[in-house]
Amino acid sequence: MIEISRRSALAVMAGGVVSTGVAYAAVSSFSDEDLVRVTLEKYLGRLNMRIEHLQQFVLEFRNRNPWIFPSQKLSDAVTLVEELKLGAARRLLPQQKRDDLVHFDRWVIAEFHMLTDYAWRSSPNDPIRFTGWQSCTNPFANLEPPKLA
């Protein structure tokens, strides 16, 4: 029979408390920029984007779509899972949460293409810049409503 001393039991419990505290501190330090960055890097690969441009993008994205972001706990958990390259863990979530995350992913990617110069760079090594919402620049566009006879 294995005997565990009181010191061993206390050491195991202290280790569990410390590791839980460290995990909580790591998860609670995530921001919206972290969630957006890991989401974009999941689909587009490594981003060459300065933090200022990413912050501007996230601010504009949140202003345009405040209902799209997942809850704080879910976004922290997803950020941690994606940082650790354990994206398959999403399958363990309830179906509604998975659908919400897929919806968020699609909106982030679509808005990223519209609000940055990602698609207009001359090479993949060029930095990505936040450009904001651009109005139509087609010189031949007719923006007048059609006249009815």
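Residues numbered from 1 in each chain as written. Predicted model: local features only at pLDDT ≥ 70, side-chain atom pairs only at ≥ 80, totals over all residues. Heavy atoms only, no water.

Student: Before we go on, may I ask you to explain the pattern of salt bridges in this structure?
Tutor: A side chain of one charge can pair with a side chain of the opposite charge if their charged atoms are brought near each other. Summed over the entire model, instances satisfying the criterion amount to nine salt bridges. A salt bridge links Asp32 to Arg62, with the nearest nitrogen and oxygen atoms 2.8 Å apart. Taken together, the residues Asp32 in helix H2 (residues 32-44) and Arg62 in helix H3 (residues 51-64) connect sequence positions 30 residues apart. For Arg62, a relative accessible area of 30% puts it in the partly exposed group. Taken together, the salt bridges that share partners define one network made up of Lys42, Glu82, Arg90 and Asp105. (Salt bridge = Lys/Arg side-chain N within 4 Å of Asp/Glu carboxyl O. Helix = DSSP H or I, 4+ residues; strand = E, 2+ residues; numbered from the N terminus. Buried < 20%, exposed > 50% of the residue type's maximum accessible area, 1.4 Å probe, protein only.)

Student: Can you walk me through the side chain of Arg90 in this structure?
Tutor: Here Arg90 lies in the loop between helix H4 (72-83) and helix H5 (95-115). At 3.0 Å, the side chain of Arg90 forms a polar contact with the side chain of Asp105. When neighbours within four sequence positions are excluded, Arg90 is seen to be in contact with Lys42, Val78, Glu82, Arg98, Leu101 and Asp105. (Polar contact = N/O pair within 3.5 Å; in protein donor to acceptor, adjacent residues only side chain to side chain. Contact = heavy atoms within 4.5 Å.)

Student: What is the right way to read the confidence of the model for the chain from this model?
Tutor: The predicted coordinates of low-pLDDT regions are not to be read in fine detail. Considering every residue of the chain, the mean pLDDT works out to 82; 84% of them sit at 70 or more. Within the chain, helix H1 (residues 6-28) has the poorest average pLDDT of any element, 65, and H3 the best, 92. (pLDDT = per-residue confidence, 0-100.)

Student: Teacher, can you tell me more about the packing of H2 against H3 here?
Tutor: When two helices pack together, their arrangement is captured by the angle between the axes and the distance separating the axes. Interaxial distance between H2 and H3 falls to 10 Å at its minimum, and their mutual angle equals 100 degrees. Classified by the angle between their axes, H2 and H3 sit roughly perpendicular to one another. Facing Asp32, Glu33, Val36, Arg37 and Leu40 of H2, the residues of H3 in contact are Leu54, Gln55, Phe57, Val58 and Arg62. Per-class residue counts for the contact of H2 with H3 are five nonpolar, one polar and four charged. (Axes fitted to C-alpha atoms, helices over the stretch in contact; angles between N-to-C directions. Parallel < 35°, antiparallel > 145°, perpendicular 65-115°, else oblique. Nonpolar A, V, L, I, M, F, W, Y, C, P; charged D, E, K, R; others polar.)

Student: Can you walk me through the environment of Tyr118 in this structure?
Tutor: Inspection of the secondary structure assignment puts Tyr118 in the segment after H5. Contact partners of Tyr118, with chain neighbours within four places excluded, come to Leu44, Phe112, His113 and Ile128.

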